[in-house]
Amino acid sequence: QKEVEQNSGPLSVPEGAIASLNCTYSDRGSQSFFWYRQYSGKSPELIMFIYSNGDKEDGRFTAQLNKASQYVSLLIRDSQPSDSATYLCAVEDTGRRALTFGSGTRLQVQP
Amino acid sequence: ETGVTQTPRHLVMGMTNKKSLKCEQHLGHNAMYWYKQSAKKPLELMFVYSLEERVENNSVPSRFSPECPNSSHLFLHLHTLQPEDSALYLCASSQESEGAIYGYTFGSGTRLTVV
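Residues numbered from 1 in each chain as written. Chains lettered and ligands numbered in written order. Predicted model: local features only at pLDDT ≥ 70, side-chain atom pairs only at ≥ 80, totals over all residues. Heavy atoms only, no water.

Trainee: Can you help me understand the overall build of chain B in this one?
Mentor: For chain B, the count of helices and strands is zero helices and 13 strands. Here chain B has a C-alpha radius of gyration of 14 Å; the compact-globule value for 115 residues is 13 Å, and the two agree. Taken along the three principal axes of its C-alpha coordinates, chain B extends 40 × 30 × 30 Å. Across the 115 residues in chain B, those meeting the buried criterion constitute 50%. (Helix = DSSP H or I, 4+ residues; strand = E, 2+ residues; numbered from the N terminus. Rg over C-alpha atoms; globule rule 2.2 N^0.38 Å. Buried < 20%, exposed > 50% of the residue type's maximum accessible area, 1.4 Å probe, protein only.)

And the structure:
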């Protein structure tokens with residue numbers, strides 16, 4: 001069973017700080033990695049994807065991938081109260097032709 | 001209509017009922033999925049259809065039956081459900097190319113309660 005592990009949190013950060021969310025995965029063959037944001041009572045929405053080792057930046061979000069360590073992270077700069085949500089890490093499972101999700105990290109940004 | 005549309009948004013059914021969930025995508029994607037989301041658990045993959053071909057998932061009980069009549073529509077037929085099947089059922093679509101998946105777009109989900 002291929003697994004994706006995340007700390008469930010809650011991760012609490014003050015407004016304006018950097019939030020760091022981490023994820024590890026078990027499938028060494030995975031090539032595609034995704035971060036989704038899910039507000040309470042809503043469905044997940046895609047916020048970042050990364051395919052290559054290193055960093056990828058999009059506005060206040062930076063995704064980091066280290067395939068050797070099987071580790072992917074998401075940094076949120078200048079955190080806002082509206083960033084308070086659960087962040088889901090998803091990893092491609094080529095065997096099942098689908099994504100495997102972690103259980104999510106709940107982020108709370110304190111005003 | 002844009003994106004991925006799921007109906008109904010909420011469903012309450014008895015254990016002896018038969019009902020169906022519907023999903024429609026307007027994105028031109030070639031793959032569709034059903035996931036189950038229960039409290040405190042990761043999203044569980046139930047079924048995958050890629051290019052209208054079902055990718056087997058033998059871990060799902062037979063009381064759940066998928067149907068994919070074309071690349072834009074996906075159904076989940078439900079019968080003789082158990083209370084533990086109460087959850088949020090999410091449909092998603094994506095573009096799959098040469099085995100690579102380019103991220104999902106999710107529908108709003110169907111909140112199912114089995115009584």
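Trainee: What should I look at first to understand the sheet that holds strand S1 (residues 4–7) of chain B in this one?
Mentor: Either a parallel or an antiparallel arrangement is found when strands of a sheet pair, and the pairing is made through backbone hydrogen bonds. Residue and element names in this part refer to chain B. Taking strand neighbours across the sheet as the criterion, the four strands line up as S1-S3-S8-S7 in an open arrangement whose pairing is antiparallel. Looking at the sheet topology across the chains shown, the edges are occupied by S1 and strand S7 (64–70). Looking at each pair of strands side by side, their axes are set apart by 15° on average, direction ignored. The pairing of S1 with strand S3 (residues 18–25) spans four bridges and is classified as antiparallel. (Pairing = 2+ DSSP bridges. Axes fitted to C-alpha atoms, helices over the stretch in contact; angles between N-to-C directions.)

Trainee: Looking at this model, I keep getting lost on the pairing of strand S11 (residues 105–110) of chain A. Mind explaining?
Mentor: Residues and elements named next belong to chain A. The two faces of S11 differ: Thr 105, Leu 107 and Val 109 on one face are buried, but Arg 106, Gln 108 and Gln 110 on the other face are not. Across four bridges, the pairing between strand S2 (residues 11–14) and S11 is parallel. When the bridges of S11 are listed, Leu 11 appears paired with Leu 107.

Trainee: Before we go on, may I ask you to explain the interface of chain A and chain B in this structure?
Mentor: How big an interface is tends to be stated in terms of the accessible area lost upon association of its parts. In this assembly, 17 residues from chain A lie in contact with 23 residues from chain B. Buried area between chain A and chain B, summed over both chains or domains, comes out near 1,600 Å², and the portion from carbon and sulfur atoms is 57%. It is Arg96(A), Arg97(A) and Phe101(A) that lose the most area in chain A upon contact with chain B, and together they represent 36% of the buried surface on that side. Where chain A touches chain B, the interface holds one salt bridge. (Contact = heavy atoms within 4.5 Å. Buried area = accessible area lost by both parts, 1.4 Å probe. Salt bridge = Lys/Arg side-chain N within 4 Å of Asp/Glu carboxyl O.)

Trainee: I'm lost on the state of the cysteines in this one. Help?
Mentor: Two cysteines whose sulfur atoms are joined by a covalent bond form what is called a disulfide. In this structure the tally under the stated criterion is two disulfides over all chains. The residue that forms a disulfide with Cys23(A) is Cys89(A), at a sulfur-sulfur distance of 2.1 Å. Around the S-S axis, the bridge from Cys23(A) to Cys89(A) shows a dihedral of about -75° and counts as left-handed. Note that Cys23(A) is positioned in strand S3 (residues 19–25) and Cys89(A) in strand S9 (residues 85–93), a separation of 66 residues in sequence. Comparing Cys23(A) with Cys89(A), the two get one shared label, buried. Covalently, Cys23(B) is tied to Cys91(B) through a disulfide, its sulfur atoms 1.9 Å apart. (Disulfide = S-S within 2.5 Å.)

Trainee: Please clarify how the sheet that holds strand S8 (residues 71–76) of chain A should be interpreted in this entry.
Mentor: Strand order in the open sheet formed by five strands is S1-S3-S8-S7-S6 (chain A), and the pairing between neighbours is antiparallel. Edge positions in the sheet fall to strand S1 (4–5) and strand S6 (54–58) of chain A, since each has one partner strand and no second.

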